[in-house]
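A look at the structure
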Amino acid sequence: METAKEYSAGGVICKETNDGTLQVLLIRVRKNGFELPKGHVEKGETEQQAAFRECLEEVGITSQIKIREELGRLSYSFEKGEKTIEKNVAYFKFHCPEEFRYSKPKNTREIIWVTEGQVDSLELVNEALRPILEKAFQ
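A short tour of the structure in this document, coming up. Each chain has its residues counted from 1, following the order in which its sequence is written. Side-chain atom pairs in this predicted model are given and counted only at pLDDT of 80 or more, local residue features only at pLDDT of at least 70, and totals for whole chains, interfaces and linings cover all residues. Hydrogens and water molecules were not included; the side-chain quantities draw on all heavy atoms of the structure.

**Describing the packing of aromatic side chains**
Centres within 6.5 Å are what make two rings of Phe, Tyr or Trp a pair, Trp counting through its six-membered ring; a difference in plane orientation under 30 degrees is then read as stacked, over 60 as edge-to-face, and the rest as tilted. In total, this model carries two aromatic pairs according to the counting rule given. Between Phe 52 and Phe 94 the ring centres are 6.3 Å apart and the planes differ by 40 degrees, which places this aromatic pair in the tilted class. Of the two residues, Phe 52 is situated in helix H1 (residues 47-59) and Phe 94 in strand E5 (residues 83-95); the sequence distance between them amounts to 42 residues. Categorising residues by exposure relies on relative accessible area from a 1.4 Å probe, with only protein chains included: less than 20% of the type maximum marks a residue as buried, more than 50% marks it as exposed, and the intermediate range marks it as partly exposed. Residue classification places Phe 94 among the buried residues on the basis of a relative accessible area of 1%. Here Tyr 76 and Phe 78 contribute two aromatic rings whose centre-to-centre distance is 6.3 Å and whose plane-to-plane angle is 35 degrees, an arrangement assigned as tilted. On the basis of relative accessibility, which here comes to 27%, the residue Tyr 76 falls in the partly exposed class. Any Lys NZ or Arg CZ found within 6 Å of a ring centre and within 35 degrees of that ring's normal is scored as a charge over the ring. Over the ring of Trp 113 we find Lys 15; its NZ or CZ atom is 4.4 Å from the centre of that ring. Helix and strand assignments follow DSSP, with helices taken as H or I runs no shorter than four residues and strands as E runs no shorter than two, numbered in order from the N terminus.

Structure, rendered in structure tokens:
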């Protein structure tokens, strides 16, 4: 079976509430499970640029967000037709202002904000996202 490599980047969008509680934005694109906005790194893009673009596309952000540090990388593989895809994803932390604005795009089923204490009870599309989310709250 043929193997192909894919490179993606995503964002962990964070904001503080009025009482100082940190919240992270998650999306649901598929029928089950929440995830972070992510997508392919396009030709000529850096990973950071791709993460920023994907956050804009999958969340419909109309406010400014600022990139912070890289939170981690995930590697996994899956079958797609006659190919095995080896996927590598870099995740970056973004901070948004209090007056964060967005409009949910058509392909995104749901957008939620969660606190650190809510992460453990959430169904994620990939359990390997939990350590990335935990690091975002540190």
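**A closer look at helix H3 (residues 129-136)**
Side chains three or four residues apart in an α-helix point the same way, a direct result of the helix having 3.6 residues per turn. What H3 keeps buried is the set Leu 129, Arg 130, Ile 132, Leu 133 and Ala 136. For H3, the angular spread of buried residues about the axis comes to 160 degrees, placing them on one side. Only heavy atoms enter the contact rule, under which two residues are in contact if any of them lie within 4.5 Å. Close packing links the buried residues of H3 with strand E1 (2-16), strand E2 (22-28), strand E4 (66-80), E5 and helix H2 (116-119). This arc describes the spread of directions from the helix axis toward the C-beta atoms.

**Considerations on the side chain of Glu 35**
Locating Glu 35 in the fold gives a position in the loop between E2 and strand E3 (38-40). Positive residues here are Lys and Arg, negative ones are Asp and Glu, while His and the chain termini are left out of the count. Salt bridges are counted wherever a side-chain nitrogen of Lys or Arg sits within 4 Å of a carboxyl oxygen of Asp or Glu. Of the side chains bearing the opposite charge, Arg 30 lies closest to the buried Glu 35, which forms no salt bridge; the N-O distance is 4.0 Å. Setting aside chain neighbours within four positions, we find Glu 35 in contact with Leu 26, Ile 27, Val 29, Arg 30, Val 125 and Leu 129.

**Structural notes on the pattern of salt bridges**
When the charged atoms of two side chains lie near each other, side chains of opposite charge can form a pair. In the structure shown here, the tally under the stated rule is 10 salt bridges. Across the pair Arg 73 and Glu 47 runs a salt bridge whose closest N-O atoms are separated by 2.7 Å. Taken together, the positions of Arg 73 in strand E4 and Glu 47 in helix H1 put the pair 26 residues apart, joining distant regions of the chain. A salt bridge links Arg 53 to Glu 57, with the nearest nitrogen and oxygen atoms 3.3 Å apart. Note that Arg 53 and Glu 57 are positioned in helix H1 at a spacing of four residues, about one turn of the helix. The class of Glu 57 is partly exposed, set by a relative accessible area of 44%. Via salt bridges that share partners, Glu 42, Glu 45, Arg 53, Glu 54 and Glu 57 belong to a single interconnected network.

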